[in-house]
Amino acid sequence: MVRFLARRLAYMFIAFLCISLVTFMLMKMAPGSFFNANFQVNGVSAVAGSYGVSPQVMDALIKYYHLNDPWYVQWWYYVHGFLTWHMGTSFEYPGTRTVTIIDTAFPFSVRLALMAVATGVIIAIPIGVTAAMRENGWMDVGLMFFAMLGTSLPAYLVAVLLIVLFALWLHLLPVIGFTHPQDFILPVLSLALPMVGALSRYLRNSLIDSLHSEYVTGVIAKGGSLSRAVWRHALRNSLLPMITVVGPQLAGLMTGTVFIEEIFDLPGLGHYFVGAANVRDYPLIMDSALLYATVILAMNLLVDLTYGLFDPRIRRAGDLG
Amino acid sequence: MKKVGRIVAPVTMAAVMALSMAGYSQAASAASSSGSGVFTFYTIDDGAGFDPALFTWDARQSQIGIFEGLVHFGPNFSIAQGIATSWKANGTTWTFYLRHNARFSNGDPVTAQDFVYSIRRAVNPQTAAMAHKASSFQGDVPIKNAQKIIEGAAPVSSLGVKAIGNYTLQFTLDRPDPTLLSQLATDMWQLPVDPRVVQGKPESIWTNPQTIVSDGPYMVSSYVQGTQEILKPNPYYYAKVPLQEIKILPFSANANEYLTYQNHQSDTAILTPQDVPAVKNNPTLSKQLHWVQTAVSYTLQVSPSMNPAFSKLAVRQAFAEAVNKQVIANNVLLGTGVPAYDGKVTSWMAPWIAKGALQYNPTQAQHLLAAAGYPGGKGFPTVRILTGSNPDPIAEAVAQMWQQTLGVNVQVDSENWGTYLADMTKVLPSNEVGFTQFGQSAAFPDWKTTMPLNISGWQRTNVPIWSMSGGYQAQYEKLQSYTMAPGQKNLESRMLIAKHESPQVRAVMALGVKAQATNNAALMQKYVIAKNHLAYVIPIYTVNNAVLINPQVHGYYPMRMWLVTPPVWLGYITMN
Amino acid sequence: MSMPTLKKRTMATLMWGRFRRNRAAVLGGAFVLFLILCAILAPVIAPYSYMQSNFLATYQSPSWQHWFGTDELGRDMLSRLLFSLRTASLIGFGAEAVELTLGLLVGAIAGYLGGAADTILMRVVDVVYGFPSLLFAIILVVMLGHSLFAILIAVAATSWVTMARIVRSQVIVVKQSDYIAAARGMGANWWQILRRYVLPNSLGPIAVTVTFGIPANMMVESALSLLGLGVQPPTPSWGALIANGEQAMFSFPYLLAFPAVTFAMTLLAFTFFGDGLRNVFDSKSMH
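Residues numbered from 1 in each chain as written. Chains lettered and ligands numbered in written order. Predicted model: local features only at pLDDT ≥ 70, side-chain atom pairs only at ≥ 80, totals over all residues. Heavy atoms only, no water.

Q: Quick question: what am I supposed to make of the sheet that holds strand β5 (residues 93-98) of chain B here?
A: Residue and element names in this part refer to chain B. Read across the open sheet, the 4 strands follow the order β4-β5-β7-β6; overall the sheet is antiparallel. The two strands at the open ends of the sheet, each matched to only one other strand, are β4 (84-90) and β6 (161-163). The mean inter-strand angle of the sheet, taken between neighbouring strand axes irrespective of direction, is 20 degrees. Taken strand by strand, helix α3 (residues 112-123) contacts β5, β6 and β7 (168-172), and its axis lies near 155 degrees from that of β6. (Pairing = 2+ DSSP bridges. Helix = DSSP H or I, 4+ residues; strand = E, 2+ residues; numbered from the N terminus. Axes fitted to C-alpha atoms, helices over the stretch in contact; angles between N-to-C directions. Contact = heavy atoms within 4.5 Å.)

Structure, rendered in C-alpha cells:
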C-alpha cells in the first residue's frame, strides 16, 4: 500500500511538471503580452483609465518578472514559486501577491463547490429513495425524467433558467452579490441541480438492487415495512459507494464553477483566471492553473484510492486504467 | 491622452451642462441632511490600491470623496472649495489659502507642507516605478520643472510647488494656464497624503483599510478587492458628513445592475441597452430613469496597412458617410448612445459639431468610392475591423452598413483583450485594409482643451502615424520594439513621422496649433471639423448612460468624463 | 459462414426491438436526427441570411415574418438558431471524431500490447486527465484564436482520455477471452485481432460514450462563447445566443427563450438516446 501510494505520488509530481510546462508554453505562445499591451495603450489614447507605464518602468518590470530570461528559467520561477508557496506579484494587481488573490478566491470557489455537492446529495437522497420505493410507478418515472433533465443540462443553462424563474418572474432571490447567505442560493442550486440527476439515478438503481436482494426481501416477507427496509438497510449499503459518483463530480466542479462565477459575477478563482487569460497576466494564469491541476490530480488519486477500498483487485493491480 | 492647452469657457460650459443635466435638478442640500443613510453604487475597482499618486481606477475613487484636494467639482462641473477656501492667480503664480481645520482620518492636520510632499511624491517618477504603475501626474499641467523631473533632469525638490507657512500653497507654472482649477478637480496628484503615514511604506498599504489614511469626508472602512468596499465618515472631517455609510460594488460587465437595483441592493444602476425598454415600460421605474451623456466615444480608426486604399481621402470619406450613426444609436443601442462626430469633442460639449461634420450620405459615399476606382466596391481589398470585445454588435452593425452600402467585403475580428492589443500594431498585408476600434474620451468637459499644443505632442497620436504608408508604418513599429534610450526613441520616431506623414494631416494639425496659440474659437471649430473631414477616425457614438437613481438619493452629479459616471463628489450625496 | 451472419442479424433485430420499446430513446433519437438534418439543410431551410442585418427591424417580437423575432441588428433569430445548430454540430461531432480517433488509437494499443507501451500511454493519459480541462480550453482558444477549427481542438484536447480509458479496459476484457486465444493460435496478427474481434465487441460502450460525448462538446463550445471566446461573429453560436438572450431577458424574453429551450431539448434528446443505447448494450452484455 505504501509503495503504491509513493509511486502514485511520484507519477502525480511528474504529471504536475508536464501540466505546468504545457500551460507555460501555451501561455507564452498566446499573442500579446501584458506589458506590451499596456505600452500600446499608452501610445494610442484609449478609454480613460487605461494609462500605461513609462518605458523606464517597463524595463524595471521586465527585469523584475524575469521576462528576458531563457524560457526554462522563467518556467522554473513559476513552478518553484508555486511549490514553495512563495509566488510573485500579479501583473495586473502589482501591489498584490498572487497568493493573496488565491487565498481569498480559491476558498470561495471550493466553498461554492462543496455547498453544491452537499446540496446535491441532500436533494438526491429523497428523490432516489422515493423513486426506488415506487419502482416503475408514475412517481418513479416522473422523478427520473427530471433527473435526466438535470444530467443533460449544463450548470450555466440551469443558472439562466433559475434567474428567469426566481428573479424575473417571482422577484424572490437576489441574483448578484456574495455578501448574504441568500445570495448563494442560485449559484449553488445551478451547480447542484445537474448533479442531482446523476446522484439520484445512481441511488435509485442501487437501492432497487438491494431491495431485490434476498436479505431485504426476507425482511419484508417477515413483516417489515418497505420504508423501514429502505431507510434501515438498503440506504446504508448504497450511500457509501455513492462516494465514487460524488468524487468525480466534485473534481468536475472544481473548474466547473468558472461559468457560474462569470454569470453571477462571483469573485472565485475561475473568475480571476478568465480575467488573467484575457490580459495575459502570466503569474496569475500560472499559479491558478497549477493550483487547479494539483487539486484535480489529488482528487483523481483520492478517487482511485476509494475505488481501491471497494475493490481490492485494483489495489493489487497498482493502477486503474 | 492629450489634453494639451485649453481655455476655460465657463459661460458656454454652464449652458451646456444645464441643458443636458436637466435630470439632476435637485439642489445639493447637504445642510438639511440627517446624517444617516447608506448609499450603494457601482464603480470600477481595479484592485490597484487607493494611492492618489498613481493612475488607477481606485485612485479615482480616492478623488471623489475619500481624499479631498485643493478643489473638487461641484454641480455642473463648477469648481468647489476643497481644502483650499480661496485662491488667486497672478500670471504664472497661483496661491491657494487652505482651511485650518482640515484633518486626516487619523487626526493629523492637513497642511501646505503635506500638499508639497504629496505632489512631489506623485510627480517623482520613482514613485510610479516602485509601484509598477503609471503616475497620476501625466505631465500635462505646466508646473515649473515638472517635465524635467519626469525626465530625470532635475531634482524633485525643484518642483514649482511650495508652502508659505502652514496654510498657504503656491504653484509656479511655466506658462499661464487658465484651466488649472479644472485640472486640479480632475486629477488625483493634487490629493494630500499624510507623510507621517506614507513615508517609506510599501505600496501594499494602499489596499489595506487599516493603513489608508485620507482627508476626505469618507474613509475606507473595509475593502475586499472585487467584492465590496465600505466607506465610513472621516471622524475628523471639518464638516458634518451627510451619510453614515457608502457601499461601493465593483462594476463588471457581468453584473446586471438593473436586477441589483430592483432588489434594492444598489441605489443606482447603469442600464444595458436591452434593459431600457423594460424600464421605460415600467411606470414606477421610468420616473427614476436619467440620461447622462458621457465624454466617452466609440470610434473606428484606420489601421496600418501595406495597401494604399485608405490613403485616398475620398475612400475614407466614403466609409465615414456610409455609416448611419443615428440608426445605430436609436435602433441598436436603444438610446444608450448618441451619434459622435469626434473622439473627444462630444455634441453635448459642442452642439455645432453635428452640422459641420461628415454626414450619413449613402449615395455620395457610393459615388466617392466609385470615383476612387472601386465602383460598387469592386476590387476593394477586404476590410477588417479589429475590436477588443466579443460580441461587438456595433462593429458588426458598421460592417453590415459598409457591406450593404459600399459593396465591400468586411470582416469583424472580435478578439479577446490581449490579442486585440497585440494585433493593433500589426501592419495589414497588401490585400487587406482595416479599422481598429478605440474608445476615446475627453479629460475635461471643455472641447477647447482638445487642441494640439505643439507639433511634437500631436505626432505621438495615432493619426499621423497611421497616415504614413504601410512600409513606413512597419518601420515605425520596428523602431518601437528596439531597446534604446526613451529620449532617443522618441526623437527618431518623431523624425520618421515628420518625414512621411500625410501633408493633409500636417495641414490640419498646423491649423489646430495656430488656433490654440491665437485662442481663436472660430479657428478651433474649423480645426475640429477639418479633423473630422480627414476621416482617419470615424466616430460612431458617444455613450449615453441610462441611469436609474433611487428617488431618495439627492446630490448625485454624474462625473461625465468617466464611462461609469459616478457622483463627482460623494460629500454631496444625501438620502431621505 | 452463414452462422455468424444469422447470429449478427438476430442480435441486431433483438437490439432494435429492445431500443424501440424505449419510447423516450426513440423520440430522442428522432429529434437528434431531425437536428442533424436541420444543421445540414440550414442554408436551404433558413428563411433569411443569418448575417444580413435590417436596421429598421431590430428587436422585433416573433411574428409571421420572423417566427423567432429579430435581434439587436435586425437579424432573423430562426435563421441564426438554425446556423448555430450547424456550428454546434460541427464542433460536437467534429471534436467527437477527433476524440474517438485518438481514444481508439491510444486505448487499443495500450490495452492490446500491454507492458511498457501500456504503462507509458496510460501515464500520458493520466497527465492529460490532470489538466483543468475548461481552463485549458480557455488558454487554447486564447492562443489559437476563434476559428471553428481552433475551438474544435480546444474542446477535444483533453476529453479524448475518457475514450482512451474505456477502449483500453474493453480491450483488456475481450483480449482475455477464449476466442481471442483461439484466433491467436490460428496465427492472426494483433491488428487483425483488434479489428475483427476486439473492436466489434467493444462497440457498445464506445457508441454510448460517443452519444454522451457529442452534447458534452456542444456544452463546452457554448460555454466558451459565454465567456466571449466562441466562434468569430457573425457566425452564430448557441452559447452566444443564450448569453445575448440573457442580457435581453427583461425587455425581449423571446431572445432568451428560443435558444435556451432548443438547446435544452437538444441536450435532453441526446441523453435519452444515449440512455436507450446504454440499456440495449447493457442487456446485450448480460445475455
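Q: For this particular structure, what's the right way to read the interface of chain C and chain B?
A: You'll often see interface size given as the accessible area lost when the parts meet. With 25 residues of chain C at the interface, the matching set in chain B holds 29 residues. In total, chain C and chain B occlude about 2200 Å² of area from one another, counting both sides; carbon and sulfur atoms represent 52% of this. When the area that chain C buries against chain B is broken down by residue, the three leading residues are F55(C), Q247(C) and F250(C), summing to 29%. Where chain C packs against chain B, one counts 1 salt bridge. (Buried area = accessible area lost by both parts, 1.4 Å probe. Salt bridge = Lys/Arg side-chain N within 4 Å of Asp/Glu carboxyl O.)

Q: Which parts of the structure should I look at to understand the confidence of the model for chain B?
A: Fine structural detail should not be taken from predicted coordinates in areas where pLDDT scores are low. All names here are of chain B. Here chain B averages 85 in pLDDT, while 90% of its residues score no lower than 70. When the criterion is pLDDT under 50, residues 1-34 qualifies, and its contacts beyond four places in sequence or with other chains add up to 80 contacts. On the interface metric, ipTM, the complex scores 0.85, and its pTM is 0.86. (pLDDT = per-residue confidence, 0-100.)

Q: I keep staring at the interface of chain C and chain A and nothing clicks. Help me out?
A: At the interface, 39 residues of chain C touch 44 residues of chain A. Summed over both sides, the interface of chain C with chain A buries roughly 3800 Å², with 80% coming from carbon and sulfur. When residues of chain C are sorted by the area they lose upon contact with chain A, L135(C), I139(C) and M143(C) head the list and together hold 16% of the total. Applying the counting criterion to the chain C and chain A interface returns 1 salt bridge. Put simply, R201(A) and D275(C) hold a salt bridge, and the shortest N to O gap is 2.7 Å. In this structure, the connection of chain C to chain A is made through 6 residue pairs in polar contact (both at pLDDT 80 or more). (Polar contact = N/O pair within 3.5 Å; in protein donor to acceptor, adjacent residues only side chain to side chain.)

Q: Please clarify how the domain arrangement of chain A should be interpreted in this entry.
A: Residue and element names in this part refer to chain A. We note that the domain assignment places domain 1 (39-86) and domain 2 (99-317) within chain A. Contact residues are listed per partner, giving 7 residues for domain 1 and 9 residues for domain 2. Interface area lost by domain 1 to domain 2 is led by Y78, F82 and W85, which between them contribute 81%. Applying the counting criterion to the domain 1 and domain 2 interface returns 0 residue pairs in polar contact (both at pLDDT 80 or more). For the side of domain 1 that touches domain 2, the residue count by class is 7 nonpolar, no polar and no charged. (Domains from an automatic or database assignment. Nonpolar A, V, L, I, M, F, W, Y, C, P; charged D, E, K, R; others polar.)

Q: Looking at this model, I keep getting lost on the packing of helix α6 (residues 138-152) of chain A against helix α8 (residues 185-211) of chain A. Mind explaining?
A: Any two packed helices are characterised by how steeply their axes cross, that is the angle between the axes, and by the distance between the axes. Residue and element names in this part refer to chain A. Running from N to C, α6 and α8 point in directions that differ by 135 degrees, and their axes come no closer than 6 Å. In terms of axis orientation, α6 runs oblique to α8. The handedness of the crossing between α6 and α8 comes out as left-handed. Along the contact surface, α6 presents D140, M144, A147, M148, G150 and T151, while α8 presents L193, P194, G197, A198, S200, R201 and R204. Within the contact of α6 with α8, the residues separate by chemical class into 6 nonpolar, 4 polar and 3 charged. (Parallel < 35°, antiparallel > 145°, perpendicular 65-115°, else oblique. Left-handed = near helix turned anticlockwise from the far one by under 90°.)

Q: Can you walk me through the environment of N545(B) in this structure?
A: Residue and element names in this part refer to chain B. In this structure, N545 sits in strand β17 (residues 537-549). N545 sits 253 residues away from V292 along the chain, and the two C-alpha atoms are 4.9 Å apart. Leaving out residues up to four positions away in the same chain, N545 has contacts with I270, H290, W291, V292, T294, L563, V564 and T565. Within the structure, the side chain of N545 is placed 2.9 Å from the backbone oxygen of L563, a separation counted as a polar contact.

Q: What's the story with the sheet that holds strand β8 (residues 218-224) of chain B in this structure? I'm lost.
A: Residues and elements named next belong to chain B. Spatially, the 4 strands line up as an open sheet ordered β1-β10-β9-β8, and their pairing is mixed. The outermost strands of the open sheet, each flanked by one partner alone, are β1 (38-43) and β8. Neighbour-to-neighbour, the strand axes of the sheet open up by a mean angle of 20 degrees, direction not taken into account. Helix α2 (residues 57-66) rests against β1, β8, β9 (228-233) and β10 (245-250) of the sheet, and its axis sits at about 145 degrees to β8.

Q: Looking at this model, I keep getting lost on the packing of aromatic side chains. Mind explaining?
A: The way to describe two aromatic rings as a pair is by their centre distance and the angle between their planes. What the rule picks out here adds up to 43 aromatic pairs over all chains. Pairing F82(A) with W85(A) gives two aromatic rings, centres 5.7 Å apart and planes at 65 degrees, and the pair type is edge-to-face. Taken together, the aromatic side chains of W87(B), W94(B), F96(B), F137(B), F171(B) and W189(B) make up a single cluster linked through ring pairs. Sitting over the face of the ring of Y536(B), R316(B) holds its NZ or CZ atom 3.8 Å from the ring centroid. (Phe/Tyr/Trp six-rings, centres within 6.5 Å; stacked < 30°, edge-to-face > 60°. Lys NZ or Arg CZ within 6 Å of the ring centre and 35° of its normal.)

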